[in-house]
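# Examining the three-dimensional arrangement
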Amino acid sequence: MAGGGLMLMAAVVAAAALVSAASVGGIKRVLTLERVFPLDERVELEVIKTRDRVRHARMLQSFSGGIVDFYVGGTSDPYAVGLYFTKVRLGSPPREFNVQIDTGSDILWVTCSSCNDCPRSSGLGIPLNFFDAATSSTVSPISCSDNICASIVRTASAECSAERNQCGYTFQYGDGSGTAGFYVSDVLYFDTILGASLIANSSSPIIFGCSTSMFGDLIKSDRAVDGIIGFGQQGLSVISQLSSRGITPKVFSHCLKGEGSGGGILVLGEILDPRIVYTPLVPSQAHYNLYLQSIAVNGQLLPIDQAVFTTSGNQGTIIDSGTTLAYLVEGAYDPFVAAITAAVSPNSEPIISKGSQCYLVSTSVTEVFPLVAFNFDGGASMVLRPIDYLVHMGFVDGAAMWCMGFIKVQNQGSTILGDLVLKDKIFVYDLVHQRIGWADYDCSLSVNVSITSSKDEYVNNGQLSVSSSSSISVLFKMTHKSNIALMLQMLEIVWVAGNRVVAGAEAILEMERREGFKGEGIKLASKASLAMIETQ
């Protein structure tokens, strides 16, 4: 790799020499090269690295984009993990954080090193890390006078402390837990998939929260993580920030594995499957609200007043990966449970356990319990298996006890479809066309993901799991190839007469052949030769 770098530098010098010596019609074409860092001054390595990171961020702003593949851990089992999480790398040098995947909120936040009441260990068996702004060379605080803070305050997700001049926040979630802290801007590192065999180590500046305090369930160690990554539609969500810069498409997808050890797939991109059905999003909502129209058990529509599904105020139907179970408004819950109980009564014993409707079953639940269909606008139905609406609670006198995984809420509340329902399905959040789609899927398998808006190309995500060393190799070759193309384009546009152009092009082509890049350089070299001939 070092030898290739020296060869590349030699080629750049040779190209510059050719350009500086060239003239057409008596007009000299001179390319002046100046040092960014003076030769006689010592520059710290970290200063050079910081400059490179800023440059890379600028380059990404004109980047045509790709898909971003995230790790997924956790399960939907409320008695094992009860949540799904991913890993993000923040700061310089990058530090890794495990954050819960939450489509019901917007902000990415991680715990700050100054947090006193944050958990120090996790029952999930994952290490807990803390973001230390003092150790990151690329961090920038967001002050109260910053225009970004003003826009955040207008959305009621920020507050300003004149004393500290920090753009702060306080969040409270539906379960009563919450966190408070301040916003910063720093670098987010991620793997960008550019094609079927190209993976680039990418980065982009991003605004996120640094939490200095927590309350409620967030301070418990049993399921503690480093923070939450919100995938909502508002401007500060990760998907909104990256897509607004053209780094990723404005669509993301997940497939959360329910069986075994869980895990799954999370990509900033569109998973493709011919079985996916779509339904429109309710416009101008803070969450991913859908038009739920009816519920059927065993193919029979339930007698439910559609008014209980109307989106108004705190009412509506929400898709939320940050919720473990599922919640159903009272007007729909009662007929739903009644229909399930009637369907299984010959082969199960209905009981009430700790206030929940449960059933004692001696055989497989798939043989006893019916399929349930949630019918949405646009003719999209979400079919639920028994394990998508029931939770196994153990055994009583040798019989398995299964309880309703749907919780009853008042009619003025919202129906929320959490991980219990979302698991073992592809979900696509198409924010461009304001719709959500889904299809049943084995999330342990690979998926096809679109890398172009026209869907004429796709990559197989399951075949792109490569080691870090191979990722670095791919990145180097991509960078190297682009530099070769740039030099050949320089030879093309400078219009240098004589054999020196051909010799220069041939020298670069030889270097290209040694590095394994065939085709593109030959095309460019041909164009450069033609340009030379035309000017003679």
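Residues numbered from 1 in each chain as written. Predicted model: local features only at pLDDT ≥ 70, side-chain atom pairs only at ≥ 80, totals over all residues. Heavy atoms only, no water.

### Examining the overall build of the protein chain
A tally of helices and strands in the protein chain yields ten helices and 34 strands. The buried share among the 536 residues of the protein chain stands at 49%. For the protein chain, the share of sequence-separated contacts (at least 6 apart) that also reach a separation of at least 24 residues comes to 66%. Carbon and sulfur atoms form 53% of the exposed surface of the protein chain, whose accessible area is close to 25,400 Å². (Helix = DSSP H or I, 4+ residues; strand = E, 2+ residues; numbered from the N terminus. Buried < 20%, exposed > 50% of the residue type's maximum accessible area, 1.4 Å probe, protein only. Contact = heavy atoms within 4.5 Å. Areas by Shrake-Rupley, 256 points an atom, 1.4 Å probe, with all protein chains shown as cover.)

### Overview of the side chain of Thr415
Its location among the elements puts Thr415 in strand β30 (residues 414-417). Residue classification places Thr415 among the buried residues on the basis of a relative accessible area of 0%. One polar contact links the side chain of Thr415 to the main-chain amide nitrogen of Val329, over a distance of 3.4 Å. Setting aside residues up to four positions removed in sequence, Thr415 forms contacts with Gly316, Thr317, Ile318, Tyr327, Leu328 and Val329. (Polar contact = N/O pair within 3.5 Å; in protein donor to acceptor, adjacent residues only side chain to side chain.)

### What to know about the packing of aromatic side chains
This structure, assessed with the given rule, holds 15 aromatic pairs. Centre to centre, the rings of Tyr359 and Phe369 are 5.3 Å apart; their planes meet at 75°, and the pair counts as edge-to-face. Of the two residues, Tyr359 sits in strand β24 (residues 356-361) while Phe369 sits in the loop between α6 (365-368) and β25 (372-376), which places them ten residues apart along the sequence. Between Phe376 and Trp438, the ring centres sit 5.3 Å apart and the planes meet at 70°, which makes this aromatic pair edge-to-face. Linking Phe376 in strand β25 with Trp438 in strand β32 (residues 435-440), this pair joins segments that are 62 residues apart in sequence. For Trp438, a relative accessible area of 3% gives the class buried. One aromatic cluster is present, formed by Phe231, Phe252, Tyr288 and Tyr429 through successive ring pairs. (Phe/Tyr/Trp six-rings, centres within 6.5 Å; stacked < 30°, edge-to-face > 60°.)

### Topic: the nonpolar core
Counting residues in each nonpolar core, the largest one holds 79 residues, and the members touching the most others are Phe336, Phe374 and Phe406. With seven residues, the top contributor of residues to this core is helix α5 (residues 330-344). Once residues lying within four places of it in the same chain are set aside, the contact partners of Phe374 are Leu292, Ser294, Ile295, Leu328, Ala380, Ser381, Met382, Leu384, Phe406 and Leu417. The next biggest cluster of nonpolar side chains, apart from the first, holds 18 residues, and it includes Phe130, Cys149, Cys167 and Tyr173. (Core = buried A, V, L, I, M, F, W, Y, C linked by side-chain atoms within 4.5 Å.)

### Let's talk about α5
Helix length check: α5, at 15 residues, gives a terminal C-alpha distance of 21 Å against a target of 21 Å (1.5 Å per residue), a fit within 8%. Those residues of α5 that sit buried are Ala332, Tyr333, Pro335, Phe336, Val337, Ala339, Ile340, Thr341 and Val344. (Expected span 1.5 Å × (residues − 1).)

### Description of the state of the cysteines
Under the definition given, this model contains five disulfides. Disulfide pairing is shown between Cys115 and Cys118; the S-S distance is 1.8 Å. In this structure the cystine formed by Cys115 and Cys118 twists about its S-S bond by roughly 85°; its chirality is therefore right-handed. Since its relative accessible area comes to 4%, Cys118 is described here as buried. (Disulfide = S-S within 2.5 Å.)

### Looking at the sheet that holds strand β20 (residues 300-301)
Reading across the sheet, the four strands line up as β20-β19-β25-β26 and stay open at both edges, with antiparallel pairing between neighbours. What marks the edges here is a single partner per strand, and that holds for β20 and β26 (380-384). Bridge count for β25 against β26 is five bridges, and the pairing is antiparallel. Bridging across to β26, Val372 finds its partner in Leu384. Each of β19 (292-297) and β25 touches α5; the most contacted strand, β19, lies at about 20° to it. (Pairing = 2+ DSSP bridges. Axes fitted to C-alpha atoms, helices over the stretch in contact; angles between N-to-C directions.)

### Concerning the side chain of Ser321
The topology assignment puts Ser321 in the loop between β21 (316-319) and β22 (326-329). For Ser321, the side chain forms a polar contact with the main-chain oxygen of Ile101, separated by 3.0 Å. Leave out the neighbours within four places in its chain, and Ser321 touches Ile101, Asp102, Thr103, Asp419 and Leu422.

### Section: the pairing of β21
Every second residue of β21 is oriented toward a common face, with Gly316 and Ile318 on one face and Thr317 and Ile319 on the other, all of them buried. Across two bridges, strand β18 (residues 289-290) lies against β21 in antiparallel orientation. When the sheet's bridge partners are listed, Asn289 is paired in β21 with Ile318. One ladder, built from four bridges, connects β21 with β30; its direction is parallel. From the neighbouring strand, Ile318 faces β30, where its bridge partner is Ile416.

### What about the pattern of salt bridges?
In this structure the tally under the stated criterion is ten salt bridges. In this structure, Asp217 and Lys220 form a salt bridge, with 3.0 Å as the shortest nitrogen-oxygen distance. Judged by its relative accessible area of 44%, Lys220 falls in the partly exposed class. A salt bridge links Asp273 to Arg275; the shortest N-O distance between them is 3.0 Å. Each of Arg385, Asp388, Lys423, Asp424 and Lys425 takes part in a single network of salt bridges with overlapping partners. (Salt bridge = Lys/Arg side-chain N within 4 Å of Asp/Glu carboxyl O.)

### Quick look at the sheet that holds β30
Read across the open sheet, the five strands follow the order β18-β21-β30-β22-β29; overall the sheet is mixed. Each having just a single partner strand, β18 and β29 (406-409) make up the two edges of the open sheet. Bridge count between β22 and β29: four bridges; the pairing is parallel. Of the residues in β29, the one forming a bridge with Tyr327 is Ile407. The sheet contacts of α5 involve β22 and β29, and relative to β22 the element is tilted by about 105°.

### Concerning unusual backbone geometry
Looking along the chain, the bond that leaves Ser92 and enters Pro93 is cis, with omega of 0°. Checked against the element boundaries, Pro93 lands in the loop between β5 (83-90) and β6 (95-102). Phi at Ser284 takes a positive value of approximately 60°, unusual for a residue other than glycine. Residue position: Ser284 is located in the loop between β17 (277-280) and β18. With relative accessibility at 79%, the residue Ser284 sits in the exposed group. One non-glycine residue with positive phi stands out, namely Gln434, at about 50°. Along the polypeptide, Gln434 turns up in the loop between β31 (425-430) and β32. Judged by relative accessible area, which is 28%, Gln434 ranks as partly exposed.

Fair warning: the whole summary comes from geometry, so function is off the table for now.
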